[in-house]
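The chain contents come next:
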Amino acid sequence: MAETVVHALLWFSAIGCGLIAGLYFAFSTFIVQALDRLGAERGAQAMNAINVRILRSLFMPLFLGTTLTSLALVAIGLAGRVPGGPAMAAGGAIYVVGMFVVTLVFNVPLNNMLAAARDDGGAAWSLYLRRWMPWNHVRTLSSTLACILFVAAI
């Protein structure tokens, strides 16, 4: 029974990390660049619309659920002799810190800053891009690496 639960947590986390890594990868490689080509005002408006919509989408249960299962896998992996324990603990820690904590500490405040900016001639959008994109790359890499480690633990 316990082995089945751990296996289910690993599969859910691996799939969740993979989906989230894909979303962040899309933002890092083409979505934000496409928004920037619209011009500062329209790009910021579009990004703000995305940020509002994502909070009311299926992304949020996946975002929070994968974080919770990753935390559980850290605890399970560190607790003892579980097959794949080191990989599941490392994957969970990398995901929670590199995706969840980075999102809360860096990306969300930048999203809030962009939403609060009004008619600034593009300065907020420019600052947003310079600061948001590197942290999104961190989230992309962390989610991808966690996915790989969870699959290795399976």
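Please read these numbers as outputs of a predicted model, since none were measured by experiment.

A.B. asks: Sorry if this is basic, but what is going on with the packing of helix α1 (residues 2-37) against helix α3 (residues 59-79) here?
C.D. replies: For any two helices packed against each other, one specifies the crossing angle of their axes together with the interaxial distance. It is the contact of α1 with α3, at a shortest axis distance of 9 Å, that shows an interaxial angle of 130°. Judged on the interaxial angle alone, α3 and α1 are oblique. The chirality of how α1 crosses α3 is left-handed. Here α1 contributes Val-6, Leu-9, Leu-10, Phe-12, Ser-13, Gly-16, Cys-17, Leu-19, Ile-20, Leu-23 and Tyr-24 to the contact with α3, which in turn contributes Phe-59, Leu-62, Phe-63, Gly-65, Thr-66, Thr-69, Ser-70, Ala-72, Leu-73 and Ile-76. Classifying every residue of the contact of α1 with α3 gives 15 nonpolar, 6 polar and no charged.

A.B. asks: Explanation requested: the environment of His-7 in the structure shown.
C.D. replies: Relative to the helices and strands, His-7 is located in helix α1. For the pair His-7 and Ala-153, spaced 146 residues apart in sequence, the C-alpha to C-alpha distance is 9.0 Å.

A.B. asks: Can you walk me through the side chain of Asn-111 in this structure?
C.D. replies: One can find Asn-111 in helix α4 (residues 85-116). A residue is classified by how much of its surface remains accessible, and Asn-111, at 14% relative accessible area, is buried. Contacts of Asn-111, omitting those with residues within four sequence positions, involve Asn-48, Asn-51, Tyr-128 and Trp-132.

A.B. asks: Can you help me understand α1 in this one?
C.D. replies: Two residues of an α-helix separated by three or four positions point the same way, owing to the 3.6 residues in each turn. For α1, which comprises 36 residues, the first-to-last C-alpha distance of 51 Å matches the rise-based estimate of 52 Å (1.5 Å per residue) to within 8%. Considering bend angle alone, the principal kink of α1 is centred on Phe-27 and spans about 50°. Phi turns positive, to about 100°, at Gly-39, one or two residues after α1.

A.B. asks: Would you mind showing me how to read the nonpolar core here?
C.D. replies: Nonpolar side chains in soluble globular proteins tend to be buried together. Counting residues in hydrophobic clusters, the biggest one holds 21 residues, and the most contacted among them are Leu-10, Ile-20 and Phe-150. Every element with two or more residues in this core is listed here: α1, α3, α4 and α5 (123-153). Residue contributions to this core peak at 7 residues, all from α1. The contacts of Leu-10, once residues within four sequence positions are left out, are Leu-73, Met-88, Phe-150, Ala-153 and Ile-154. Of all hydrophobic cores here, the second largest spans 12 residues; its members include Ala-44, Leu-114, Trp-125 and Met-133.

A.B. asks: Can you help me understand the layout of surface pockets in this one?
C.D. replies: Rolled over the atoms, a probe sized like a water molecule indicates the empty space that remains. Taken as a whole, the largest pocket holds about 450 Å³ of empty space. For the largest pocket, the lining is made up of 25 residues, of which Asn-51, Ile-54, Leu-55, Val-108 and Asn-111 are closest to its centre. When contributions to the lining of the largest pocket are tallied by element, the ones reaching two or more residues are α1, α2 (40-54), α3, α4 and α5. Per-element tally for the lining of the largest pocket: the top contributor is α4, with 8 residues. Grouping the amino acids of the lining of the largest pocket by side-chain chemistry returns 17 nonpolar, 7 polar and 1 charged.

Reading the values: the criteria
- Residues numbered from 1 in each chain as written.
- Predicted model: local features only at pLDDT ≥ 70, side-chain atom pairs only at ≥ 80, totals over all residues.
- Heavy atoms only, no water.
- Axes fitted to C-alpha atoms, helices over the stretch in contact; angles between N-to-C directions.
- Helix = DSSP H or I, 4+ residues; strand = E, 2+ residues; numbered from the N terminus.
- Parallel < 35°, antiparallel > 145°, perpendicular 65-115°, else oblique.
- Left-handed = near helix turned anticlockwise from the far one by under 90°.
- Contact = heavy atoms within 4.5 Å.
- Nonpolar A, V, L, I, M, F, W, Y, C, P; charged D, E, K, R; others polar.
- Buried < 20%, exposed > 50% of the residue type's maximum accessible area, 1.4 Å probe, protein only.
- Expected span 1.5 Å × (residues − 1).
- Bend = angle between axes of the 7 residues up to and from the residue.
- Core = buried A, V, L, I, M, F, W, Y, C linked by side-chain atoms within 4.5 Å.
- 1 Å grid on protein atoms, 1.4 Å probe; cavity = no way out; pocket = protein on both sides within 12 Å on 5 of 7 lines; lining within 4 Å.
- Points joined across faces, edges and corners; volume = space filled by probe spheres on them.

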